[in-house]
Amino acid sequence: MAVATTAASEETFEIAGRQFRSRLIVGTGKYRSYDEMKAAHAASGAEIVTVAVRRVPLDRRVESFLDHLDPKLTILPNTAGCYTAEEAVRTARLAREALGTNWIKLEVIGDQTTLFPDNEQTIEAARALVAEGFVVLPYVSDDLIVAKKLLQIGCAAVMPLAAPIGSGLGVQNPTNLRILREQLPDALLIVDAGVGTASDAAIAMELGADAVLMNTAIAEARDPARMARAMRLAVEAGRLAYLAGRMPKRLYASASSPLTGVIG
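Remember, it's a predicted structure, so these values are computed and weren't measured experimentally.

Rules behind the numbers
- Residues numbered from 1 in each chain as written.
- Predicted model: local features only at pLDDT ≥ 70, side-chain atom pairs only at ≥ 80, totals over all residues.
- Heavy atoms only, no water.
- Helix = DSSP H or I, 4+ residues; strand = E, 2+ residues; numbered from the N terminus.
- Polar contact = N/O pair within 3.5 Å; in protein donor to acceptor, adjacent residues only side chain to side chain.
- Contact = heavy atoms within 4.5 Å.
- Core = buried A, V, L, I, M, F, W, Y, C linked by side-chain atoms within 4.5 Å.
- Buried < 20%, exposed > 50% of the residue type's maximum accessible area, 1.4 Å probe, protein only.
- Patch = residues over 30% accessible without salt bridge, like charges linked within 9 Å, V, L, I, M, F, W, Y side chains within 5 Å.
- Areas by Shrake-Rupley, 256 points an atom, 1.4 Å probe, with all protein chains shown as cover.
- Salt bridge = Lys/Arg side-chain N within 4 Å of Asp/Glu carboxyl O.
- Pairing = 2+ DSSP bridges.

Visitor: Lay out the side chain of Thr 74 in plain terms, naming residues and giving numbers.
Guide: Along the chain, Thr 74 turns up in strand E6 (residues 74-78). Within the structure, the side chain of Thr 74 is placed 3.0 Å from the side chain of Arg 18, a separation counted as a polar contact. Residue contacts for Thr 74: discarding those within four places in its chain leaves Arg 18, Phe 20, Glu 47, Ile 48, Val 49 and Trp 103.

Visitor: Account for the nonpolar core, with residues named and values stated.
Guide: In this structure, Met 214, Ile 218 and Met 231 are the most contacted members of the largest nonpolar core, which totals 64 residues. Once residues within four sequence positions are removed from consideration, Met 214 is found in contact with Leu 24, Ile 25, Val 26, Gly 27, Val 195, Ala 201 and Met 231. Counting 15 residues, the second-largest nonpolar core is a separate cluster that includes Phe 13, Val 135, Leu 188 and Ala 211.

Visitor: Requested: an account of a nonpolar patch on the surface, with residues and values cited.
Guide: On the surface, a nonpolar cluster with roughly 270 Å² of combined accessible area is contributed by Leu 240, Tyr 242 and Leu 243. Relative to the helices and strands, Leu 243 is located in helix H8 (residues 224-244). Judged by relative accessible area, which is 45%, Leu 243 ranks as partly exposed.

Visitor: If you had to explain the pairing of E6 to someone new, which residues and values would you point to?
Guide: Burial of E6 is extensive: 4 of the 5 residues sit out of reach of the surface. In terms of strand pairing, strand E5 (residues 48-52) meets E6 through 5 bridges, oriented parallel. Opposite Ala 52, over in E6, you have Asn 78 as the bridge partner.

Interpretation note: all reported values are geometric properties and have no functional meaning in isolation.
See below:
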């Protein structure tokens, strides 16, 4: 959860004992060039970058985006492309061996068309990985019961989707994200998948997310670096708005200048 400080600009959040200032997590796929990716990463201010283990040559025998990542970035391997718990666990072990990290973004997909997660297989894989000492951050549907089960297992966070992966539809079920935040006040919630533009990121943060993970929204923008900066500012603005507490919604008007004490 967030660690409050006297200055909002100095606020940090924690994953498995590590402190981060940026609440924006970025990806590495779909960029048109390595230079474009590097410029976007720099503009985003992100400190964590996710890497699809099954889509990169971990032995470094050929050039890949791994050779172009800022060494200051924390690499978060993911199990994208896995459709069973067994497959995901095997991929996580490979990532730990090749990249030297026990952090894993757990993805177990249940449907090729929607790329929705298989919650049952995700829970099974999470249980095995936590037992092996992994720091597990699972991609899940926006389901309170599934989130509770994963946290009880010992996952470091839960990563509910905003919309299908790569869709750019934005937050489709704000009610569920609000419920997750209210019912799990001490859990680390990272909205993952579906963000399309800066306002989507701000809404996710205003609903109480601790961070937002995105890739396609930046990589497929006409100007990825500019969009990355927009996302950075949106995440910061959304977080500040959440901490500030929005005004209540009202059915009727409420004058900005009260009539009490009006002359004449």
